[in-house]
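Coordinate analysis (summary)
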Amino acid sequence: MTTIHNTQSNSGNRATFARRNLWSGILFGLGFVAFLDETLFHQLLHWHKFYDKSTVAVGLISDGLFHAFSWFATVGGLFIVADLRRRNALWHKMWWGGKLLGGGAFQLYDGTIQHKLMRIHQIRYNVDILPYDLVWNISAAIMIVVGIGLIVSARRERREGRGVFSNA
Amino acid sequence: MHNTHFLLTDLLFGIPALLAIGFYIGAVIITNRQGRLRKWPWLRTFSFVVGVLFAAAALIGPLARQSHTDFTAHMAGHLLLGMLAPLLIALAAPMTLLLRTLNVHWARKLSRLLQGSYVGFFTHPIVASALNIGGLWLLYTTSLYAAMHANIWLHIIIHIHVFLAGYVFTISLVYIDPVSHRFSFTYRTVVFIFALAGHGILSKFIYAYPSAGVPVEQARIGAMLMYYGGDAVDLLLIFILFKHWYQSVRPRKLVSVAGKAV
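Predicted model only: the values in this text are computed from it and were never measured. Sequence order as written defines the numbering, with residues in each chain counted from 1. Here the convention is simple: chains get letters from A, ligands get numbers from 1, in the order in which they are written. Per-residue local features are limited, in this predicted model, to residues with pLDDT of at least 70; the limit for side-chain atom pairs, both in listing and counting, is 80 or more; totals at the level of whole chains, interfaces and linings are taken over all residues.

**Focus: the overall build of chain A**
In plain terms, the rule: The helix count covers DSSP runs of H or I at least four residues long, the strand count covers runs of E at least two residues long, and both are numbered beginning at the N terminus. Buried, partly exposed and exposed are defined by the number of other C-beta atoms within 10 Å of a residue's own C-beta, namely 20 or more, between the two limits, and 12 or fewer respectively, with C-beta atoms placed from the backbone.
Along chain A, the regular secondary structure elements total five helices and zero strands. When its helices and strands are written in sequence order, chain A yields α-α-α-α-α. Principal axes of the C-alpha set define a box for chain A whose edges measure 65 × 25 × 25 Å. Sorting the 168 residues of chain A into buried and exposed places 42% on the buried side.

**Examining the overall build of chain B**
Our working definition: For every residue pair, C-beta atoms are placed from the backbone, and the pair is scored as a contact if these atoms sit within 7 Å.
When its secondary structure is counted, chain B shows 13 helices and zero strands. The buried share of chain B, reckoned over its 262 residues, is 35%. Across chain B, the fraction of contacts at a sequence separation of at least 24, relative to all contacts at a separation of at least 6, is 74%.

**Quick notes on the environment of Ala223(B)**
Residue and element names in this part refer to chain B. Here Ala-223 shows up in helix α12 (residues 216-248). For Ala-223 and Ala-208, which are 15 residues apart along the polypeptide, the C-alpha to C-alpha distance reads 9.1 Å. Setting aside chain neighbours within four positions, we find Ala-223 in contact with Ser-203, Lys-204, Ile-206 and Tyr-207.

**Describing the interface of chain A and chain B**
Interface extent is often summarised as the accessible area lost during association of the parts. Note the threshold: Nonpolar residues are Ala, Val, Leu, Ile, Met, Phe, Trp, Tyr, Cys and Pro. Charged residues are Asp, Glu, Lys and Arg, and all others, Gly as well, are polar.
Taken together, the contact between chain A and chain B spans 24 residues of the former and 26 residues of the latter. If one sorts the elements of the side of chain A that touches chain B by residue count, helix α3 (residues 57-86) of chain A sits on top with 15 residues. Of the residues contributing to the side of chain A that touches chain B, the split by class is 13 nonpolar, eight polar and three charged.

**Some words on the packing of helix α8 (residues 125-141) of chain B against helix α10 (residues 152-173) of chain B**
All names here are of chain B. What counts is decided by this rule: Axis angles are defined between N-to-C directions and span 0 to 180 degrees, where every axis is a line fitted to C-alpha atoms and, for a helix, only to the segment in contact. Each crossing gets its handedness from the near helix: less than a right angle anticlockwise from the far helix is left-handed, clockwise is right-handed.
At their nearest, the axes of α8 and α10 sit 8 Å apart, and the two run at 145 degrees to each other. The handedness of the crossing between α8 and α10 is left-handed. Contacts from Pro-125, Ala-128, Ser-129, Leu-131, Asn-132, Gly-135 and Leu-139 in α8 reach Ile-158, His-161, Ala-165, Gly-166, Val-168, Phe-169, Ser-172 and Leu-173 in α10. Classifying every residue of the contact of α8 with α10 gives nine nonpolar, six polar and no charged.

**A short note on the packing of helix α1 (residues 3-33) of chain B against helix α5 (residues 94-101) of chain B**
Residues and elements named next belong to chain B. Inclusion rule: Throughout, the term roughly parallel applies to angles under 35 degrees, roughly antiparallel to angles over 145, roughly perpendicular to angles from 65 to 115, and oblique to all others.
Where α1 meets α5, the axes come as close as 9 Å, and the angle between the chain directions of the two elements is 50 degrees. Classified by the angle their axes make, α1 and α5 are oblique. Between α1 and α5 the crossing geometry is left-handed. Taking contact as the criterion, the partners of Tyr-24, Ala-27, Val-28, Ile-30 and Thr-31 in α1 are, on α5, Pro-94, Leu-97, Leu-98, Arg-100 and Thr-101.

**Here we look at the nonpolar core**
To keep it simple, the criterion reads: A set of buried residues qualifies as a nonpolar core if it consists of Ala, Val, Leu, Ile, Met, Phe, Trp, Tyr and Cys joined through C-beta atoms within 7 Å.
One finds Ala55(B), Leu80(B), Leu81(B), Leu84(B), Ala85(B), Leu88(B) and Ile89(B) to be the most contacted residues of the largest nonpolar core, which totals 93 residues. Contact partners of Leu88(B), with chain neighbours within four places excluded, come to Ser47(B), Val50(B), Gly51(B) and Phe54(B).

**Regarding unusual backbone geometry**
All names here are of chain A. Backbone geometry places His-46, a non-glycine residue, at a positive phi of 55 degrees. Position of His-46 relative to the elements: it lies in the loop between α2 (18-44) and α3. A count of 11 C-beta atoms within 10 Å places His-46 in the exposed class. Its identity is not glycine, yet Asn-126 carries a phi of approximately 60 degrees, on the positive side. In this fold, Asn-126 is placed in the loop between α4 (92-117) and α5 (130-160).

**Let's talk about the environment of Ser203(B)**
By the secondary structure assignment, Ser203(B) is in helix α11 (residues 185-208). Sequence separation between Ser203(B) and Arg220(B) is 17 residues, and the spatial gap between their C-alpha atoms is 9.0 Å.

**Let's talk about the confidence of the model for chain B**
All names here are of chain B. Our working rule: Confidence scores here are pLDDT values: one per residue, from the predictor, ranging 0 to 100.
Looking at chain B as a whole, its pLDDT mean stands at 90, while 95% of the residues score no less than 70. Highest mean pLDDT in chain B belongs to helix α2 (residues 42-59) (96); lowest belongs to helix α13 (residues 254-261) (48). Counting contacts from residues 256-262, a segment whose pLDDT is below 50, to residues more than four positions away or on other chains yields 14 contacts. This complex was scored by the predictor with a pTM of 0.88 and an ipTM of 0.84.

**Let's talk about the confidence of the model for chain A**
Residue and element names in this part refer to chain A. Here chain A averages 86 in pLDDT, while 93% of its residues score no lower than 70. Put simply, helix α1 (residues 2-16) is where chain A has its lowest mean pLDDT, 63, and α3 is where it has its highest, 92. Confidence over residues 1-5 falls short of pLDDT 50; this stretch has one contact with residues more than four positions distant or in other chains.

Spelled out as structure tokens, the structure:
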């Protein structure tokens, strides 16, 4: 009996905190991609430059704002996960959908607007940049599509009472 | 800057630093004698002493001397004086300690002062951020940085400003001591993001356009130290801010939340 009751409460809590699951995923996804970008491409591979002379002024501002925001998003996103767990309301499918959507959206913005339009820096220097740009932006697009797919599927499961909602 | 100048700054900054540590420990001893209150956490005392020592390291001794000729050393000092020391001192809850130690008459006066509009103005998140980050932009993008090394009094005033602005900035965003003018977590988060962005943008700006009289190589290493060191200290601040949020939204009626949803 107890088990069934808990399952019911869990799915109820997930439904109540659906938006919080989604936004926590989006925030953490954005912060996580920004963090990977910084560690992998700036620090470990040294492909990205700290500053590129061709950066336009608005690029410096955009980069600064997104960098600051990504720190908050990473830490804040994880604290919201802790809050959802405390409420038995963590909804993995919705959260992962948000995470892929947020991460992909940031990567696409970084790869198109920040790299190309604002010329903050390129992915790598002294190489033919086109394949790098393609891999970067196509992988971002795939993350967005899969993320949206997961979110839509999670919503449908809730509506139709399937998946984690099958006992509700 | 000559040796007599260094002697002056050593005394001017060193004596208050020692006094601050002495007063804090003295207050802890007095407050711990009062049996009705819980013991003052030793971690706070530790935090205060380390914070004051970090601030002092930027003002006196070898790092301070090297800062006059080396921009990277200057930036290391700036991180200690303007960011890490204020955070550690804020975590030590000095006002709470003072309120506990003073007698009721003086504690009331102090608490009235803290609730006043003067304190309220300077601890407003936007004002504190503007003083802190705006002051840095002024220092590094104008001729102020060069002037600071030529004029001893300017040097002293700017260093006091960097510490005080860093402290006010810290206490305007994370509430450790009692705060009467409170702002929501969302409000503080938004202001904080812009302040942090202003700090990061300034770092890259210094990298691209070094302050007058600073060699390019030193400016670049110093700017990167400012950028990543700032990130590291800000990560601590963000963590504390969100930890407070996490504690504040603790569900008190878990059962009824679940019940309503079923």
